[in-house]
Amino acid sequence: MPYGEEEFAVILPNTDTEEATHVADKICHAVCTLAIPHRNSQVSPHVTISVEFTTKIPQPDSDLEEMISAADWALYQAKAAGRDRFVQNILLPRSK
């Protein structure tokens, strides 16, 4: 699902954190293996990918915007850490 110019979302229903981590790792590895030249990059001579993911068990009052914000924060962290990596942000249920 396209989200921004260089961003997209993958929604993995019924996927726990361990499985999401595995998928993120496979996506990063697949992009790396393609070795697509990126001549103007200051990070790498090839296209790289920074993956962020958020895991949450949805509740009836789940806030989609909160999940998107958490994923955006994780993406910022991945880019700030040098790109070409993945970062997770696990949302815990709120106490009532």
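Parameters at a glance
- Residues numbered from 1 in each chain as written.
- Predicted model: local features only at pLDDT ≥ 70, side-chain atom pairs only at ≥ 80, totals over all residues.
- Heavy atoms only, no water.
- Helix = DSSP H or I, 4+ residues; strand = E, 2+ residues; numbered from the N terminus.
- Buried < 20%, exposed > 50% of the residue type's maximum accessible area, 1.4 Å probe, protein only.
- Contact = heavy atoms within 4.5 Å.
- Expected span 1.5 Å × (residues − 1).
- Arc of directions from axis to C-beta.
- Polar contact = N/O pair within 3.5 Å; in protein donor to acceptor, adjacent residues only side chain to side chain.
- Patch = residues over 30% accessible without salt bridge, like charges linked within 9 Å, V, L, I, M, F, W, Y side chains within 5 Å.
- Areas by Shrake-Rupley, 256 points an atom, 1.4 Å probe, with all protein chains shown as cover.
- Salt bridge = Lys/Arg side-chain N within 4 Å of Asp/Glu carboxyl O.

1. Quick word on the overall build of the protein chain
Then comes step 1: When you go through the protein chain residue by residue, the secondary structure sums to 2 helices and 2 strands.
Then comes step 2: Helices and strands in the protein chain line up, N terminus first, as α-β-α-β.
Then comes step 3: Here the protein chain holds 96 residues, and 21% of them are scored as buried.
Then comes step 4: Looking at the protein chain alone, contacts between residues at least 24 apart form 55% of all its contacts between residues at least 6 apart.

2. A look at the environment of Ala78
Then comes step 1: Position of Ala78 relative to the elements: it lies in helix α2 (residues 64-80).
Then comes step 2: Ala78 gets classed as buried once you look at its relative accessible area, which sits at 0%.
Then comes step 3: Considering only alpha carbons, one finds Ala78 and Ser50, 28 residues apart in sequence, at a separation of 6.0 Å.

3. Brief notes about helix α1 (residues 17-34)
Then comes step 1: Across its 18 residues, α1 extends 26 Å between first and last C-alpha, which sits within 8% of the 26 Å expected from 1.5 Å per residue.
Then comes step 2: Of all the positions in α1, only Ala20, Ala24, Cys28 and Val31 are classed as buried. Down the axis of α1, the buried set is contained in an arc of 70°. They therefore lie on one face. Turned more than 90 degrees off the buried face of α1, the exposed positions are Glu18, Lys26, His29 and Thr33.
Then comes step 3: Sitting at the head of α1, Asp16 places a side-chain oxygen 3.2 Å from the backbone nitrogen of Glu18.

4. A closer look at α2
Two residues of an α-helix separated by three or four positions point the same way, owing to the 3.6 residues in each turn.
Then comes step 1: Taking 1.5 Å of rise per residue, 17 residues should cover 24 Å, and α2 covers 24 Å from first to last C-alpha, within 8% of that figure.
Then comes step 2: Burial in α2 covers these residues: Ala70, Ala71, Ala74, Leu75 and Ala78. Down the axis of α2, the sector holding all buried residues measures 140°, keeping them to one side. Along α2, the residues that are exposed and aim more than 90 degrees away from the buried face are Glu65, Tyr76 and Ala80.

5. Here we look at a nonpolar patch on the surface
Then comes step 1: A cluster of nonpolar side chains, contributed by Phe8, Val10 and Leu12, occupies part of the molecular surface with about 270 Å² of accessible area.
Then comes step 2: If you trace the backbone, Phe8 turns up in the segment before α1.

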